[in-house]
Amino acid sequence: MAKRLSGILVMIVVMTFHCAVASALDKVQKFKEYASFGNYFQCSIPEDWSVYPPGFGLSEEEKKVYGVILVGPQSKSPIAPLLSIHYYAPGNLLHNTMDVFIRRHSQSNLGIAIEGKSYGRIQEMAVAGRQAKTFERIDIRFIGERVLHPTKVPIYEKFIAIPAGSGEGFYVLKLSVPAEMKDAYQGLFEVTVKSFRPKNE
């Protein structure tokens, strides 16, 4: 009798676990279509992620940078996951070319080593039938900057830079999440990357 009860309890635990995992996967896999202002690109974005408000400052047209920053549901980490997709038009105010963008984000530009920061090598990959470049890095964020000893949180960031064509600017897809949780968001980011469609394609 005890063995039977034990077996039943194990089955209940296993079924509960599988239901929880299936529920989580269903939640992650819900996407909706997004088109940028000016229709520079389209892609699938997570349905339950919120659009980060642009706030004050220059408009997309003034900066010549078009796209969206998405904020994921809050987790146990004090840093919320972020997903961004942007088109950098020619003459934009942030990065002259795709090579400039990659150089600024794929290596330290301070000339000093910061403990915990690291940079992966630049690799090539195909996205939407184009030859893109991708790289990863671990950044460091400090929580509670006004305290004597702020909490240091490692942030995993993955970048994919895609050319828009000769003299036509470039696109950047970026995932930014707490490093300890990076594996949980790789599949979600991959769906957005695979669904990415540049203008006129």
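None of these values were measured; they are calculated from a predicted model.

Here we come to the confidence of the model for the protein chain. Taken over all residues, the pLDDT of the protein chain has a mean of 84, while the share at 70 or more is 82%. Within the protein chain, strand E5 (residues 82–88) carries the highest mean pLDDT (98), whereas helix H1 (residues 2–28) carries the lowest (41). Segment residues 2–26 is flagged for pLDDT under 50; beyond a separation of four residues in sequence, or across chains, it makes zero contacts in the model.

Residue position: His95 is located in the loop between E5 and helix H3 (98–105). The buried category is assigned to His95, whose relative accessible area is 9%. A sequence separation of 75 residues divides His95 from Phe170, and the C-alpha atoms of the two residues are 9.8 Å apart. For His95, the contacting residues outside a window of four places in its chain are Tyr88, Phe101, Arg104, His105 and Phe170. A distance of 3.1 Å separates polar atoms of two side chains, one belonging to His95 and the other to Arg104.

Time to look at the sheet that holds strand E2 (residues 41–46). Spatially, the three strands line up as an open sheet ordered E1-E2-E11, and their pairing is antiparallel. The open sheet has two edge strands, strand E1 (31–35) and strand E11 (197–198), and neither has a second partner. Across five bridges, the pairing between E1 and E2 is antiparallel. Bridge pairing in E2 places Tyr34 opposite Cys43. With respect to the sheet, helix H4 (residues 182–195) is in contact with E1, E2 and E11, its orientation differing from that of E2 by roughly 160°.

Now for H3. Looking only at H3, the buried set comprises Met98, Val100, Phe101, Ile102 and His105. Residues of H3 that are buried in the fold lie against E5, strand E6 (118–119), strand E8 (130–143), strand E9 (151–163) and strand E10 (170–178).

Here is what the cut-offs are and how they apply
Residues numbered from 1 in each chain as written. Predicted model: local features only at pLDDT ≥ 70, side-chain atom pairs only at ≥ 80, totals over all residues. Heavy atoms only, no water. pLDDT = per-residue confidence, 0-100. Helix = DSSP H or I, 4+ residues; strand = E, 2+ residues; numbered from the N terminus. Contact = heavy atoms within 4.5 Å. Buried < 20%, exposed > 50% of the residue type's maximum accessible area, 1.4 Å probe, protein only. Polar contact = N/O pair within 3.5 Å; in protein donor to acceptor, adjacent residues only side chain to side chain. Pairing = 2+ DSSP bridges. Axes fitted to C-alpha atoms, helices over the stretch in contact; angles between N-to-C directions.

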